[in-house]
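Geometric and topological summary
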Amino acid sequence: MSDVEGHPVGVVPLDGARSRSLLRLDSVDVAYDGAPVLRGVDLDLRQGDFVGVVGPSGAGKTTLLRLALGTLHPSAGEVGRARGLRVGYVPQLETVSWTFPVTVAECVLMVRSERWLPWSTRAERQRVGEVLERLGIAHLADRHIRELSGGQQQRMFLARALLREPQLLLLDEPTSGIDVATRHEMLHLLGHLHDEGTTILLTTHDLNGVAAHVPELVALHGTVVHRGRPQEVMTPAVLERTFGAPMEVLEHLGMPVVLDRKRAEAT
Ligand SMILES: Nc1ncnc2c1ncn2[C@@H]1O[C@H](COP(=O)(O)OP(=O)(O)OP(=O)(O)O)[C@@H](O)[C@H]1O
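Residues numbered from 1 in each chain as written. Predicted model: local features only at pLDDT ≥ 70, side-chain atom pairs only at ≥ 80, totals over all residues.

**Notes on the sheet that holds strand β8 (residues 199-203)**
This is how it is decided: Here the rule is simple: two strands pair whenever DSSP picks up at least two bridges between them. Going along the chain from the N terminus, every DSSP run of H or I of four or more residues is numbered as a helix, and every run of E of two or more is numbered as a strand. Lines are fitted to the C-alpha atoms to define the axes, a helix being fitted only along its stretch in contact, and any angle between axes, read from their N-to-C directions, falls within 0 to 180 degrees. We call two residues in contact whenever the C-beta atoms placed from their backbones are within 7 Å.
Strand order in this open sheet of 6 strands is β6-β7-β8-β4-β9-β10, and the pairing throughout is mixed. Sheet topology places β6 (87-90) and β10 (224-228) at the edges, where each strand pairs with a single neighbour. If you compare each strand with its neighbour and ignore which way they point, the axes differ by 15 degrees on average. In the sheet, β6 pairs with strand β7 (residues 168-172) via 4 bridges, with the strands oriented parallel. Counterpart to Gly 88 in the pairing with β7 is Leu 169. Contacting β6 and β7, helix α4 (residues 150-162) crosses the sheet at an angle of about 165 degrees to β6.

Here's what the structure looks like:
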């Protein structure tokens, strides 16, 4: 079903001339097979934002990214998108099939048309080489994707997303399954892309390692519980409303640190 301009119902273009909004969710509901997952979600993502979405498993974080990407439409409410918005998406590694017999370069090229064509142009191959170089994985171009480490896999998907020169970059758990040093590198890389003007929306389970280090957070639990700077969102009150359990928060060098009480009690 679509409206008069051919947009799916619930999806409207934002007028870029009047607004710097890249993406706006107004009273959005999402249900899977009749089961509500998101309810009354309002979210305005403006050019230059760098927002981390936190919340418990099943809170609807990936669902929010799918709405932003446009692969999912709301059951009620509206998703507004800036006209011609280029969006890049880095999926959760766990959702990827690694047996697919392609090399890193081929996998990055696939984003062009969502399938790999053997007759990619020289310019396209050159562009892939540039993006891989930029992410420090050019030497892996001819490796099978299965042979990569977690951090290298994340970079490959980031390369895929960057090939489209996205204005809005969506990342689902970009630091899951990678070690601390690689996590720092990934955050550094994202900070750099943000400095260059890319708007970023990511999800994370890692409150201390990732959420505390991004400029702005959205606490999600079926709906937006709170949005603000990490110091405003990582508070006992907001975290309890979001995660449904009491959490202690300390401050270290001006940054909030959430205490894992269960783990502390176990040791
Ligand atoms: N395609 C689908 N069909 C049916 N139910 C789904 C589908 N995708 C997600 N769900 C359900 O919707 C709820 C929210 O899922 P979602 O993946 O958005 O949560 P999440 O916050 O990203 O969770 P996690 O942190 O575990 O990745 C979950 O209960 C999930 O089981």
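Okay, back to it.
**Focus on the nonpolar core**
Formally: Structurally, a nonpolar core is described as a collection of buried Ala, Val, Leu, Ile, Met, Phe, Trp, Tyr and Cys residues joined by way of C-beta atoms within 7 Å. A residue is called partly exposed when the number of other C-beta atoms within 10 Å of its own lies between 12 and 20, exposed at 12 or fewer, and buried at 20 or more, with C-beta atoms placed from the backbone.
Core analysis: the biggest nonpolar cluster contains 64 residues, and Val 108, Ala 159, Leu 170 and Leu 201 have the highest contact counts within it. Per-element accounting of this core gives the leading share, 6 residues, to α4. Aside from chain neighbours lying at most four places away, what touches Leu 170 is Leu 65, Ala 68, Leu 69, Val 87, Gly 88, Tyr 89 and Leu 201.

**With respect to helix α7 (residues 236-243)**
Note the following rule: The arc refers to the directions leading from the helix axis to the C-beta atoms.
Looking only at α7, the buried set comprises Val 238, Leu 239 and Thr 242. One face of α7 carries all of its buried residues, which in axial projection span an arc of 95 degrees. Looking at the residues trailing α7, positive phi occurs at Gly 244, about 70 degrees.

**Points about the environment of Arg 183**
Note on placement: Arg 183 falls in helix α5 (residues 180-195). Judged by C-beta crowding, with 19 C-beta atoms within 10 Å, Arg 183 ranks as partly exposed. Arg 183 sits 32 residues away from Gly 151 along the chain, and the two C-alpha atoms are 7.9 Å apart. Once residues lying within four places of it in the same chain are set aside, the contact partners of Arg 183 are Thr 175, Ile 178 and Gly 209.

By themselves these figures say nothing about function.
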